[in-house]
Amino acid sequence: MITQPVTNPVLIFAIAMVIFLVAPLIMAKLRIPGIIGFIFAGVIVGPNGLGILDRDPTIILLGTVGLLYIIFIAGLEIDLEGFKKYRNRSLTFGTMSFTIPFILGTMGAYLLGYSVAGAILLGSLLGSHTLLAYPIASRLGISKNKAVTTSVGGTIMTDTLALLILAVVAGSTQGELTADFWFVLIVSLIIYVAGVFIIVPIAAKFFFRTLSSEGTLEYIFVMTVLFVSAFFATVAGLEPIIGAFLAGLALNRFLFEQSPLMNRIKFIGNSLFIPFFLLSVGMLMDLRILIYEPQAWVKAALVVILVISGKFMAAWIAGKIYRYSIEEVKLMFGLTIPQAAATLAATLVGFDLGLFDQATVNAIIVMILITCMIGPYTVEKFARMIAMLEEQKPYEPSQAPERVLVPIANPNTMESLMDLSFIVRGQSPQPLFTLAVAQGGKEDSESRIVQAEKILSHSKVYAAGAEVPIQMLTRIDTNITSGILRAMEESRITTAVIGWNGKLSTPQKIFGGILDQLLERSTQMVLVSKLGHPLNTTKRIVIIIPSGFDHKAGYYQSVKTAKLLASQLGATITCYVVKDHLNSYARTFNEMKPDVKVTMTSLLSWNEWHNMYMPLLRSDDIVLVFSARRGTIAWHPQLERLPRVLAHSGPESFIMVYPPETEEVDLRGTRGTELPKTFMSKGSYE
């Protein structure tokens, strides 16, 4: 016989899984965001509902993990360059989003008869917010929208101020508001924040460069950083959610959006831990007190009206100041209205200190429930509108869907090539094409085909981890280059990402027979890469641009690729323009999205690059050379020499970017020279 509440751990987990499966389906039928269904389910099956499940230590543990997960993912996904660009907006909005509800809540609570400490604490918990609906904005592809960036950045202000006031109120109630209290609080805060932003990046860089070998180990490392940071936040006198957010910020540039690791983090969080958090929030609701204590309704109505008014006023004022659209204003309101994390922490502390009674606790829980419904619904509605408006912008050739091909010959370099191709592909609806070419006409042709298919099977597994659709191609040809070109033509490939091992058979060639032939016989964009360090440890992308490159047909696509790479890796861009004016390049880099910090330097000669700037390259740099095929605009003999120089005396990683040459017409109307269709001897590619 099954007793209530259920105590069997297997059955508890089974019931939770059924809820996580059924609740979103029911909400979808009602056209309500699925995450609201988890909260309702918590109310129904919780100890104050049907009593099927108790809010026991297991639920609390998994719910706490889910709460930290939400904040951590927000820190991971925040557009750091966008935050730097809009940091004043984020700080201004965050201050208003806390101050306005704080003042309204404090005044309202004091008029209702709360003590000064209780009124201040109630006002502070109304000023905070939880990024409960952020996964919705991320799913709809607007996580880098200025309104979202402003709101997420403002979270730093609202939650930090709310939790600092909580610490001060608790200290004053317990008679500890002394000079020593303030000294310890400020010093521990400074030491903790500095420690996270110094130690975590160093540890992450060391791990990803030397210890990372498989996806499981990478995920465990990230979780270790998350929970260790959250724990030491409590040691510093802060709430663990602050530690989770700072951990996300510290790891931000090491996890790019399209990576398998980021996908694993989101998948596990969204499917397991975050639903447990929402379920646990619903379990706090006690409908009986609202029935038997009418005063709870008055307090509930008060806090709901005050928090809605305060948060909307803050979003509206910020929208007017920074000229955001009405959709963006309502999106900011939807992101900042949900109350859960800091609110629950402050409520439970206030109750333990005797500042809040049971009616107040239930009123706040009602407010949490209502705001957790309003927020996701508002974000779902207006994020979808903003996404649709962004998609309706005028078509630009540089925004055409990429059809990216990755020829793979070396299993050891497969993952780094795939990571690069994920970034280059971006959000293209087209699958990623992987290719293995077996050289025919030999006795061991059959074994070569088997080996090629084996390599492709590994690429399929790796791409599945990043949820990137993949189409595998196998070709047999007596000439490897011909096999690659045939696959590119048949699949209408726009960009090829191919590896190079840095070895040359003869000094007369650029890369070797296969790659040289590929460049001569193709017109598509080709990225020839030699990647010697993990992409996610890159701090800076150094771009070398030859004279006249801005007159090439593929100029804008090359800039877009470079900025996309920098944005995904969280790296800055340093451009060196050789013997050309900076104005045109600076304007293009400034206008083209995404936003990345760019510095530009004009060089008088190639010797200046070799003698002065190349020795300054760091091991975690990626050198990106905007190159050109022989006989086309911007070609220079130094471009054919650079790969050899960089391979033997430069950084660990570099990429030669050959833009598309189809219908080459520069701004002066000069058509590019037709490429010679010569054949060269075999070289090596990876």
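Presented here is an overview of the structure given in this document. As the structure is a computational prediction, the values presented were derived from the model and not from experiment. (Residues numbered from 1 in each chain as written. Predicted model: local features only at pLDDT ≥ 70, side-chain atom pairs only at ≥ 80, totals over all residues. Heavy atoms only, no water.)

Notes on the environment of aspartate 621
Within the secondary structure, aspartate 621 sits in strand S9 (residues 621-626). As a C-alpha pair, aspartate 621 and lysine 539 span 82 residues in sequence and 6.3 Å in three-dimensional space. Those residues in contact with aspartate 621, other than ones at most four positions away along the chain, are His533, Arg540, Val542, Pro651 and Ser653. In terms of polar contacts, aspartate 621 uses its side chain to reach the side chain of arginine 540, at 2.6 Å. A polar side-chain atom of aspartate 621 sits 2.8 Å from the main-chain amide nitrogen of arginine 618. (Helix = DSSP H or I, 4+ residues; strand = E, 2+ residues; numbered from the N terminus. Contact = heavy atoms within 4.5 Å. Polar contact = N/O pair within 3.5 Å; in protein donor to acceptor, adjacent residues only side chain to side chain.)

Quick look at the pairing of strand S10 (residues 653-658)
Judged by how many residues are buried, S10 sits mostly within the fold: six of six residues are covered. Bridging between strand S5 (residues 525-530) and S10 involves five bridges; their strand directions are antiparallel. When the bridges of S10 are listed, valine 528 appears paired with methionine 656. Here five bridges tie S9 to S10, and the two strands are oriented parallel to one another. Paired with leucine 624 across the strands is isoleucine 655, a residue of S10. (Buried < 20%, exposed > 50% of the residue type's maximum accessible area, 1.4 Å probe, protein only. Pairing = 2+ DSSP bridges.)

Overview of the packing of helix H3 (residues 57-77) against helix H12 (residues 260-283)
Where H3 meets H12, the closest approach of the two axes is 7 Å, and the angle between their N-to-C directions is 130°. In this view, H3 runs oblique relative to H12, as classed from their interaxial angle. Read as a crossing pair, H3 and H12 show a hand that is left-handed. Residues Ile59, Leu62, Gly63, Val65, Gly66, Leu67, Tyr69, Ile70, Phe72, Ile73, Leu76 and Glu77 of H3 form the contact with H12, whose participating residues are Met262, Ile265, Lys266, Ile268, Gly269, Phe273, Ile274, Phe276, Phe277, Ser280 and Met283. By residue class, the composition of the contact of H3 with H12 is 17 nonpolar, four polar and two charged. (Axes fitted to C-alpha atoms, helices over the stretch in contact; angles between N-to-C directions. Parallel < 35°, antiparallel > 145°, perpendicular 65-115°, else oblique. Left-handed = near helix turned anticlockwise from the far one by under 90°. Nonpolar A, V, L, I, M, F, W, Y, C, P; charged D, E, K, R; others polar.)

Topic: the packing of aromatic side chains
What the rule picks out here adds up to 21 aromatic pairs. Summarising the aromatic geometry, the rings of phenylalanine 20 and phenylalanine 276 are spaced 5.0 Å apart at their centres and angled 85° between planes, so their arrangement reads as edge-to-face. Of the two residues, phenylalanine 20 sits in helix H1 (residues 9-29) while phenylalanine 276 sits in helix H12, which places them 256 residues apart along the sequence. Overall, phenylalanine 20 belongs to the buried group, its relative accessible area being 9%. Its relative accessible area of 1% is what places phenylalanine 276 among the buried residues. Considering the side-chain rings of phenylalanine 207 and phenylalanine 221, the 4.3 Å spacing of their centres and the 5° angle between planes classify their relative orientation as stacked. Of this pair, phenylalanine 207 sits in helix H9 (residues 179-211) while phenylalanine 221 sits in helix H10 (residues 215-235), placing them 14 residues apart in sequence. The residues phenylalanine 207 and phenylalanine 221 share a single accessibility class, namely buried. Grouped by ring-pair contacts, the aromatic residues Phe549, Tyr555, Tyr556, Tyr585 and Phe626 constitute a single cluster. (Phe/Tyr/Trp six-rings, centres within 6.5 Å; stacked < 30°, edge-to-face > 60°.)

Section: the packing of helix H6 (residues 116-127) against helix H8 (residues 146-173)
Two elements in contact, H6 and H8, have axes whose closest approach is 9 Å; the angle formed by their N-to-C orientations is 160°. Taken together, H6 and H8 sit at an angle that is classed as roughly antiparallel. In the crossing of H6 with H8, the sense of the turn from one axis to the other is left-handed. For the pair formed by H6 and H8, the contact residues are Ala117, Ile120, Leu121, Ser124 and Gly127 on the first element and Thr158, Ala162, Ile165, Leu166, Val169 and Thr173 on the second. Of the residues that constitute the contact of H6 with H8, the class distribution is seven nonpolar, four polar and no charged.

Considerations on helix H18 (residues 414-425)
Over its twelve residues, H18 extends 16 Å from the first C-alpha to the last, a length consistent with the 16 Å expected when each residue adds 1.5 Å. The element H18 is extensively covered by neighbouring structure, given that ten of its twelve residues are classed as buried. Residues of H18 that are buried include every one of Met414, Leu417, Met418, Asp419, Leu420, Ser421, Phe422, Ile423, Val424 and Arg425, and no others. Glycine 426 occupies a position one or two residues after H18 and carries a positive phi of about 65°. (Expected span 1.5 Å × (residues − 1).)

Comments concerning the nonpolar core
Membership of the largest hydrophobic core comes to 131 residues, with the highest contact counts inside it found for Phe72, Leu251 and Ile265. Looking at this core, the element that brings in the most residues is helix H17 (residues 358-391), giving 14 residues. The residues contacting phenylalanine 72, other than those within four sequence positions of it, are Val222, Met223, Leu226, Ala244, Ala247, Gly248, Leu251 and Ile265. Within the second largest apolar cluster, 89 residues are counted, among which are Val424, Ile498, Leu518 and Leu617. (Core = buried A, V, L, I, M, F, W, Y, C linked by side-chain atoms within 4.5 Å.)

A short note on the side chain of serine 522
For serine 522, the position within the fold is in the loop between helix H21 (513-521) and S5. Within the structure, the side chain of serine 522 is placed 2.6 Å from the backbone oxygen of leucine 518, a separation counted as a polar contact. At 3.1 Å, the side chain of serine 522 and the side chain of arginine 629 are in polar contact.

Comments concerning unusual backbone geometry
Although it is not a glycine, arginine 492 adopts a positive phi angle of roughly 55°. Tracing the backbone shows arginine 492 in the loop between helix H20 (480-490) and strand S4 (495-499). Under the relative-accessibility criterion, arginine 492 is labelled exposed at 56%. Even without glycine at this site, alanine 634 takes up a positive phi of about 80°. Its location among the elements puts alanine 634 in the loop between S9 and helix H25 (637-649). Overall, the relative accessible area of 10% leaves alanine 634 in the buried class.

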